[in-house]
Amino acid sequence: MVQRLDDTERARALAGLPAWAPTAGRDAITRTFRFADFKAAFAFMTRAALKAEQMDHHPEWFNVYNRVEVTLSTHDADGLTARDVELARFMDSICQAP
């Protein structure tokens, strides 16, 4: 089973993910991505979904037109883990948002 990040690990991870923020009331991180249009947002979600499926680690997300809101937390660990950090970094790497 994957373990929650301790305070030091969490701080280090968030320092490397400046566009992500702690989620209020949860041990999770959140980011809103904005794209040129729905097609670009959906392409991003498709690439992220393929990676998430490969990792067997699925995001909570919400999409309206060009906006994709993502929350990452590992339900099995009841909080933020290295898997969330890995998926956040991947999403940042494929983001083509303006």
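Per-chain numbering applies: the sequence of each chain, read as written, is numbered from 1 onward. Predicted model: local features are reported for residues with pLDDT of at least 70 only, side-chain atom pairs are reported and counted for 80 or more only, and whole-chain, interface and lining totals are derived from all residues. With hydrogens and water set aside, each side-chain value is computed from the structure's full complement of heavy atoms.

1. A short note on the sheet that holds strand S2 (residues 29–34)
Where we set the bar: Note on pairing: two strands pair once DSSP finds at least 2 bridges between them. Helix and strand definitions here come from DSSP, where helices need a minimum of 4 consecutive H or I residues and strands a minimum of 2 consecutive E residues; each element is numbered from the N-terminal end. For this analysis, residues touch if any pair of their heavy atoms sits within 4.5 Å. Axes, fitted as lines to C-alpha atoms, cover a helix only where it is in contact. Angles between the N-to-C directions of the axes lie from 0 to 180 degrees.
Overall, antiparallel pairing links the 4 strands, which are arranged S1-S2-S4-S3 in an open sheet. In the strand order of this sheet, the two ends are held by strand S1 (21–22) and strand S3 (60–64), each with one partner. Here S1 pairs with S2 via 2 bridges, running antiparallel. The partner of Pro22 across the bridge, within S2, is Ile29. Relative to S3, helix H2 (residues 38–55) is tilted by about 165°, and along the sheet it contacts S2, S3 and strand S4 (67–72).

2. Description of the environment of Lys51
Here Lys51 lies in helix H2. Taking C-alpha positions, Lys51 is 17 Å from Phe33, a pair spaced 18 residues apart along the chain. Residue contacts for Lys51: discarding those within four places in its chain leaves Glu86, Leu87 and Phe90.

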